[in-house]
Amino acid sequence: MKKLILVIFLGLIGFGVKAQVNDFKSSKTQFMIRGYGHMGYENVTINGDKETTYNGGTFAPIFLFKHSDRLMVEAELEFQINEGSLEVGFEYANIMYILNDYMTIRGGKFLLPFGTFMERLHPSWVNRMPTKPLGFGHDGIAPSSGVGVELRGAFRVGTSTINYSVYNTNGPGIKTPDGVEPGEAGMLAFNNLIDNNNSRAFGGRLGILPFANNSTEFGVSFYTTDKAGDTGSIYENLGANLFALDFSFVKQLAGLGGIVDVKSQYNKSKVDNMIYTVEETPGEFENLNFDNNSNSFYAQLSYRPTMSGSEFISKLEFVTRYSTLRTPEGAGWEVNKKEYSFGLNYWISWRSLIKLNYQSITGEGGHDTLGDFDQKGLYLHWAIGL
Amino acid sequence: MKTYKTFGIATVVIGILTVFMLESCSTEQVTAYKNKSGAQLWGENCIRCHNTPSPAAYNDTDWSTIGLHMRVRANLSKEQSEKIFDFIKSAN
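An unreviewed UniProt entry lists chain A under the name Porin, with Lutibacter profundi as the source organism.

Q: Quick one: what's the story with the overall build of chain A, residue by residue and with numbers?
A: Looking only at helices and strands, one finds three helices and 20 strands in chain A. Dimensions of chain A along its principal axes, counting C-alpha atoms only, are 105 × 55 × 50 Å. Per-residue burial over chain A gives 50% buried out of 386 residues. Across chain A, every contact between residues at least 6 apart in sequence was considered, and the portion connecting residues at least 24 apart equals 58%. Total accessible area on chain A is roughly 18400 Å²; 60% of this is exposed by carbon and sulfur atoms. Mean positive and mean negative side-chain charge positions of chain A (33 and 40 charges, respectively) differ by 18 Å.

Q: How would you sum up the packing of helix α4 (residues 60–73) of chain B against helix α5 (residues 78–91) of chain B? Please name residues and give values.
A: Residue and element names in this part refer to chain B. Direction vectors running N to C along α4 and α5 enclose 160°, while the axes themselves pass 10 Å from each other. Accordingly, the angle class assigned to the pair α4 and α5 is roughly antiparallel. As α4 packs across α5, the resulting crossing turns out to be right-handed. Contact residues: Asp60, Trp63, Ser64, Ile66, Gly67, Met70 and Arg71 in α4; Lys78, Ser81, Phe85, Ile88 and Lys89 in α5. When the residues that make up the contact of α4 with α5 are grouped by side-chain class, the tally is five nonpolar, three polar and four charged.

Q: Give me a negative patch on the surface: which residues, what numbers.
A: All names here are of chain A. On the surface, Asp49, Glu51, Glu83 and Glu87 cluster together to form a negatively charged patch. Mapped onto the fold, glutamate 87 is located in strand β4 (residues 85–100). Its relative accessible area of 33% is what places glutamate 87 among the partly exposed residues.

Q: Pulling in residues and values, what's your account of the interface of chain A and chain B?
A: The interface is formed by 67 residues belonging to chain A together with 46 residues belonging to chain B. At the boundary of chain A with chain B, total buried surface from both sides reaches about 4900 Å², with 63% on carbon and sulfur atoms. Across the contact surface, chain A and chain B share four salt bridges. Across the pair B:Arg48 and A:Glu217 runs a salt bridge whose closest N-O atoms are separated by 3.3 Å. Between chain A and chain B we count 20 residue pairs in polar contact (both at pLDDT 80 or more) in total.

Q: Can you tell me about the pairing of strand β5 (residues 103–111) of chain A, naming the residues and giving the values?
A: Every other side chain in a regular strand lies on the same face of the sheet, so the side chains alternate between the two faces. Residues and elements named next belong to chain A. Strand direction decides the pairing type here: β4 and β5, joined by seven bridges, are antiparallel. When the sheet's bridge partners are listed, asparagine 100 is paired in β5 with methionine 103. Of the strand pairs in this sheet, β5 and strand β6 (residues 145–157) are connected by eight bridges, and their pairing is antiparallel. Following the sheet pairing, glycine 108 is matched in β6 by glycine 148.

Q: Explain the confidence of the model for chain B to me, using residue names and the numbers behind them.
A: All names here are of chain B. In the predicted model, chain B carries a mean pLDDT of 84, and 83% of its residues have values of at least 70. The spread of mean pLDDT over the elements of chain B runs between helix α1 (residues 2–24), the lowest at 67, and α4, the highest at 93. Scored by ipTM, the complex comes to 0.87, with pTM at 0.88.

Q: How would you explain the side chain of A:Arg321 if you had to name every residue and give the values?
A: Residue and element names in this part refer to chain A. Secondary-structure assignment places arginine 321 in strand β17 (residues 316–326). Side-chain polar atoms of arginine 321 contact the side chain of threonine 131, separated by 2.9 Å. From its side chain, arginine 321 meets the backbone oxygen of lysine 132 in a polar contact 3.2 Å long. What arginine 321 contacts, discounting residues up to four positions off in sequence, is Asn127, Met129, Thr131, Lys132, Pro133, Tyr298, Ala299, Gln300, Glu339, Tyr340, Ser341 and Gln359.

Q: Which residues make up the pairing of strand β18 (residues 335–349) of chain A, and what are the values?
A: Residues and elements named next belong to chain A. Relative to β18, β17 is paired through eleven bridges, and the arrangement is antiparallel. Bridge assignment links arginine 321 to a residue of β18, and that residue is serine 341. Sheet analysis places β18 next to strand β19 (residues 352–365), joined by 14 bridges and oriented antiparallel. Paired with asparagine 336 across the two strands is glutamate 364, which belongs to β19. Hairpin connection from β18 to β19: two residues lie between these consecutive antiparallel strands.

Reading the values: rules and limits
- Residues take numbers from 1 onward in each chain, read along the sequence in its written order.
- Chains carry letters and ligands carry numbers; both start at the beginning, A for chains and 1 for ligands, and go up in the order they are written.
- Where totals are concerned, whole chains, interfaces and linings use all residues; where local detail is concerned, this predicted model gives features only for residues with pLDDT of at least 70, and gives and counts side-chain atom pairs only at 80 or more.
- Side-chain metrics in this entry use all non-hydrogen atoms of the structure; hydrogen atoms and water are not considered.
- Runs of H or I in DSSP of at least four residues are treated as helices and runs of E of at least two as strands, each being numbered from the N terminus.
- Throughout, exposure labels follow a simple rule: accessible area from a 1.4 Å probe, protein chains only, divided by the maximum for the residue type, with under 20% read as buried, over 50% as exposed, and the rest as partly exposed.
- Whether two residues touch is decided by their heavy atoms; if any such pair falls within 4.5 Å, the residues are in contact.
- Under the convention used here, a 1.4 Å probe and the Shrake-Rupley method define accessible areas, while residue burial counts only the protein chains that appear.
- Under this rule, positive means Lys or Arg and negative means Asp or Glu; His and the chain ends count for nothing.
- Note that the charge is assigned to NZ on lysines, CZ on arginines, CG on aspartates and CD on glutamates.
- Lines are fitted to the C-alpha atoms to define the axes, a helix being fitted only along its stretch in contact, and any angle between axes, read from their N-to-C directions, falls within 0 to 180 degrees.
- Relative orientations are named as follows: roughly parallel for angles under 35 degrees, roughly antiparallel for angles over 145 degrees, roughly perpendicular for angles from 65 to 115 degrees, and oblique for any other angle.
- Should the near helix be turned counterclockwise from the far one by less than a right angle, the crossing is left-handed, whereas a clockwise turn marks it as right-handed.
- We call Asp, Glu, Lys and Arg charged. Ala, Val, Leu, Ile, Met, Phe, Trp, Tyr, Cys and Pro are nonpolar, and the rest, Gly among them, are polar.
- For patch detection, residues must exceed 30% relative accessible area and be free of salt bridges, and they are connected within 9 Å for like charges or within 5 Å for nonpolar side chains (Val, Leu, Ile, Met, Phe, Trp, Tyr).
- The working definition used for a salt bridge is a side-chain nitrogen of Lys or Arg within 4 Å of a carboxyl oxygen of Asp or Glu.
- A simple way to read buried area is as the amount of 1.4 Å-probe accessible surface that goes missing from two parts once joined, with both sides added.
- Residues adjacent in sequence count toward polar contacts only when both atoms are side-chain atoms; beyond that, a polar contact is any pair of N or O atoms within 3.5 Å, and within protein one must be able to donate a hydrogen and the other to accept it.
- At least two DSSP bridges between two strands are needed for those strands to be called paired.
- For every residue, the predictor reports its confidence as pLDDT, a number between 0 and 100.

Spelled out as structure tokens, the structure:
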């Protein structure tokens, strides 16, 4: 009798365990937190003024909600310490739905495929450098995100792959002399969460990977709007046209014993001309009249000797970058700068690296800077993808 | 106007490249391309932005979520995406 009770008891436990295992069967609805973060040490000298500091770090969680095999929501927040206080950024949040094999529609706030840097390469564990190239980020001339809708997709043509994106967003605003930063009058402001003039921006990118090994990609992007200023203001009808060219080559070359990675992007921005009356000192006004053309360029080369017999050497990566930024001559935000950077990275894992980087930026102008600009920086960063 | 010209020229060049690629493909090349394995596509495509991920980094359920996300973010075609993430799950 005791044996019978024991068998029944064990049977019940076995059934319970099996039921529990079944409870953990994955559902179609999935939730993940991914993202990236970094911290580091920086030693930067700007026009003779030296600043050394630990970089408090950035934590950027990306939330992924997979509702079905076709429907997904992605959202990214960015937490960073800037000048002693916590800043929280709302990078993007959008819904994407796969319409068919060749078309996906997205709606919400999303990274714009204007070139490839901001959409694909800017996360700190993907970017081989601790900083962005000139022309991207704060006071940059390239848009990084927008609020609107996008249609995108990819398909094979012969042995090539074509990818495309077209989108319609709220479009940029424009900084004016009566705004928060009058010295930047005429500069496009891309973080337009609510449309300021009932006129949208239209843009897109066409990319082609012509070779069967997918090593090379050429891309051309555009972004245009016929109104950037606020409704009713004298700046309302200022239009803007931007375009970008991008190039990428990534391949493991046996002859060189490792992976060669070349990335490049050229950005061009043209805003309709306008005279901006700026109050230089209280009561004294100056008319700024300039051709509102800007451009930026970057090229980056990295090499990782992955085929080395030494495990340590195979985890090293050598990287160099050249970038330029030119903003309108005569504008309050006139800049003409060049950047040379050299770095040595060490990959701890496929998604975590330590970057040691020397950077030199020289030229004229810049944020809160008049005349010559000379920046030398040494960066030691640790980045991780989650 | 110069901006439009440059943009137009770039678009035409990419168009010509596309036509050139279409014309230059033999049937054997297309077949070989279509028959690429997931492992090969994994090795070729992930490194366009970041290192090839370790299949052991996530479980199969997570990979299906990442697969959908990467298909959209990295503009992978359906066949590329399916082959890559089927391979990763099989190697997990």
